[in-house]
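Each chain, letter by letter, is given below.
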Amino acid sequence: MALLAELTHRCPLACPYCSNPLQLERGTDELDTETWRRILDEAARLGVLQVHFSGGEPLARRDLEHLIAHAAACGLYTNLITSGLPLSAARAGALAAAGLDHAQLSLQDTEAAGADLFGGAHNILARKTEAAAVLRAAGLPITLNAVMHRRNLHHLDAMIDTAVRFGAGRLEVAHVQYYGWALRNRAALMPTRPQIDRATEIVTAARTRLSGVLVIDYVVPDYYASRPKACMGGWGQRFLNVDPVGRVLPCHAATTIPGLQFDTVREKSLAEIWADSTAFNRFRGTDWMPEPCRSCERKEIDWAGCRCQALALTGDAAATDPACTLSPLHTEMFSIAQNEAAGDAPEFIYRRMDGE
Ligand code: SF4
Ligand code: FES
């Protein structure tokens, strides 16, 4: 089991494909250090093995080193998901000394202008190059998370070269997933089918060429897939997400689903919420599934796909994920992708706190 600890929504970047909710939480409402320490204790007792410190930008929390040290003391594997922008050599050393096991660094583009355009800030590429260097100097293994879309897929070869140059052991070629801000910017981000086919060829060739040097994770984006992914490894089966204000969610986008009630760690223990919360039980297992999933042999493989995507595309979170060719809305989903990718890309709507 894995815990995504969303420590904060504060972030120096404003990526238009951010999976955070459109309504971001303010720093003043965040959980305090003591509550996070209790969450980590409870997570370890519940059977969680890995904790992913995320955000927003988790480095915005001054207590990050304390939380990593506490997680390590609980026997949890710790991963930091970061933009890398606020990272100094001293802080990277402190994180490693606290017991951080691994860092996952995002990459917007391999050209400075593109990185700034896609990240909504200045001088991003140079600062990430420096972040990769200080993480490696601190002895931390890194994964590069290259977020790909219609505006940067022609740089995929260069992304792979950059991962090798940064000393990453793993590269995630992460096609944008359309939740949160990415859903709002879908037409500005959606690639064409030929772009996807070319990306698949590049990744296949690179995996052979870089065998033993770089592991490349690659998943075809849902809009061009024929079967859905097992989102979160199945709802309420392996994964929980605590958001910055303490709500415990079965996935990072679950607050988009109307009618679900989310319990908070301010009122209940993680174990109580995991076992009894109506939100975790709503789509757990297979009893809730409609046809064609209910009688499908893959229902315990992909768990009917993604609830948040089903909601976004059908208006019903309990519908079969339209990424599946057996969904009556699969053709419509494919048409949305084709039409949006063929049109002119609109301007980005950047991820911002209200009023900024
Ligand atoms: Fe998965 Fe449902 Fe499609 Fe079967 S019908 S492959 S369970 S989404
Ligand atoms: Fe919520 Fe897939 S993102 S279930």
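Going by the structure above, here's the rest.
Residues numbered from 1 in each chain as written. Chains lettered and ligands numbered in written order. Predicted model: local features only at pLDDT ≥ 70, side-chain atom pairs only at ≥ 80, totals over all residues. Heavy atoms only, no water.

Student: Which residues make up the overall build of the chain, and what values do they have?
Tutor: On a plain count of helices and strands, the chain comes out with 13 helices and nine strands. The C-alpha radius of gyration computed for the chain amounts to 20 Å, which stays within 12% of the reference 21 Å derived for 356 residues, consistent with globular compactness. When the backbone C-alpha atoms are referred to their principal axes, the chain occupies close to 55 × 45 × 45 Å. When each of the 356 residues of the chain is scored for burial, the buried share is 54%. Within the chain, contacts between residues at least 6 apart in sequence are counted, and of these 73% link residues at least 24 apart. Looking at the chain as shown, the accessible area adds up to about 14,700 Å², and 51% of this sits on carbon and sulfur atoms. (Helix = DSSP H or I, 4+ residues; strand = E, 2+ residues; numbered from the N terminus. Rg over C-alpha atoms; globule rule 2.2 N^0.38 Å. Buried < 20%, exposed > 50% of the residue type's maximum accessible area, 1.4 Å probe, protein only. Contact = heavy atoms within 4.5 Å. Areas by Shrake-Rupley, 256 points an atom, 1.4 Å probe, with all protein chains shown as cover.)

Student: Provide a residue-level description of the nonpolar core, including the pertinent values.
Tutor: Ranked by internal contacts, the top residues of the largest apolar core, which has 85 residues, are Leu3, Phe53, Leu156, Ile160 and Leu171. The dominant element in this core, judged by the number of residues it contributes, is helix 5 (residues 124–137), at six residues. If near-sequence neighbours (up to four positions away) are discounted, Leu156 is found in contact with Met148, Val173, Ala199, Ile202 and Val203. Counting 26 residues, the second-largest nonpolar core is a separate cluster that includes Tyr179, Phe239, Ala254 and Ala318. (Core = buried A, V, L, I, M, F, W, Y, C linked by side-chain atoms within 4.5 Å.)

Student: Describe the site of ligand 1, with residues and values.
Tutor: Arg227, Pro228, Pro292, Cys293, Cys296, Arg298, Lys299, Asp302, Ala304, Thr320, Cys324 and Leu326 make up every residue found near ligand 1. In terms of residue class, the shell around ligand 1 is built from seven nonpolar, one polar and four charged. (Near = heavy atom within 4 Å. Nonpolar A, V, L, I, M, F, W, Y, C, P; charged D, E, K, R; others polar.)

Student: Account for the pairing of strand 3 (residues 77–82), with residues named and values stated.
Tutor: Pairing between strand 2 (residues 50–54) and strand 3: four bridges, direction parallel. By the bridge assignment for strand 3, Val51 is matched with Thr78. The parallel pair strand 2 and strand 3, bridged by helix 2 (residues 64–73), forms a crossover whose chirality is right-handed. Viewed along the sheet, the connection from strand 3 through helix 3 (residues 89–98) into strand 4 (residues 102–107) turns out right-handed. (Pairing = 2+ DSSP bridges. Right-handed = clockwise from strand over helix to strand, strands pointing away.)

Student: Residues and numbers for the pattern of salt bridges, please.
Tutor: Scanning all chains against the criterion turns up 15 salt bridges. Among the salt bridges present, the one from Glu34 reaches Arg37, with a minimum N-O distance of 3.3 Å. Highlighted residues: Glu34 and Arg37, both in helix 1 (residues 33–46), separated by three residues, approximately one helical turn. Judged by its relative accessible area of 29%, Arg37 is partly exposed. (Salt bridge = Lys/Arg side-chain N within 4 Å of Asp/Glu carboxyl O.)

Student: Let's hear about the sheet that holds strand 3: which residues, and what values?
Tutor: Sheet strands line up and pair through hydrogen bonds in the backbone, either parallel or antiparallel. Taken in spatial order, the nine strands make up an open sheet running 7-6-5-4-3-2-1-8-9, and their pairing is mixed. At either end of the open sheet lies a strand with only one pairing partner, and these are strand 7 (215–218) and strand 9 (248–249). For strand 4 and strand 5 (residues 142–148), the ladder comprises five bridges, and the chain directions are parallel. Bridged to Gln104 within strand 5 is Thr143. Contacts from helix 1 reach strand 1 (2–6), strand 2 and strand 8 (239–242) within the one sheet, and its direction differs from that of strand 1 by about 170°. Together, strand 6 (170–175) and strand 7 form the strand contacts of helix 9 (residues 193–209), whose direction differs from that of strand 7 by roughly 155°. (Axes fitted to C-alpha atoms, helices over the stretch in contact; angles between N-to-C directions.)

Student: Requested: an account of the packing of aromatic side chains, with residues and values cited.
Tutor: Taken as a whole, this structure holds seven aromatic pairs when the rule is applied. A centroid spacing of 5.4 Å and a plane angle of 85° characterise the contact between Tyr178 and Tyr223, whose relative ring orientation is edge-to-face. Placement of the pair is Tyr178 in the loop between strand 6 and helix 7 (180–184) and Tyr223 in the loop between strand 7 and strand 8, with a sequence separation of 45 residues. Note on accessibility: Tyr178 and Tyr223 belong to one class, buried. (Phe/Tyr/Trp six-rings, centres within 6.5 Å; stacked < 30°, edge-to-face > 60°.)

Student: Give me the lowdown on the packing of helix 6 (residues 156–165) against helix 9, citing residues and values where you can.
Tutor: Helix 9 packs onto helix 6 with a crossing angle of 30° between their chain directions and a minimal axis gap of 10 Å. Taken as axis vectors, helix 6 and helix 9 run roughly parallel relative to one another. Helix 6 and helix 9 meet at a crossing whose hand is right-handed. The segment helix 6 lies against helix 9, with Leu156, Asp157, Ile160 and Asp161 engaging Ala199, Ile202, Val203, Ala206 and Arg209. Class assignment of the residues belonging to the contact of helix 6 with helix 9 gives a composition of six nonpolar, no polar and three charged. (Parallel < 35°, antiparallel > 145°, perpendicular 65-115°, else oblique. Left-handed = near helix turned anticlockwise from the far one by under 90°.)

Student: If you had to explain the environment of Leu46 to someone new, which residues and values would you point to?
Tutor: By the secondary structure assignment, Leu46 is in helix 1. By relative accessible area, which is 22% here, Leu46 ends up partly exposed. Once the C-alpha coordinates of Leu46 and Met1 are considered, the two residues, 45 residues apart in sequence, prove to be 8.9 Å apart. Setting aside anything within four residues of it in sequence, one finds Leu46 in contact with Met1, Leu240, Leu270, Ala271 and Trp274.

Student: Outline the pairing of strand 1, listing residues and values.
Tutor: Among the five residues that make up strand 1, five are buried, leaving the element largely enclosed by the rest of the structure. Pairing geometry for strand 1 and strand 2, over five bridges, is parallel. Following the sheet pairing, Glu6 is matched in strand 2 by Ser54. Following the chain from strand 1 across helix 1 to the adjacent parallel strand 2, one finds a crossover that is right-handed. Here strand 1 runs beside strand 8; their pairing, made up of four bridges, is parallel. In the sheet register, Ala2 faces strand 8, and the bridge partner there is Phe239.

Honestly, that's just the spatial picture; any functional story needs more than this.
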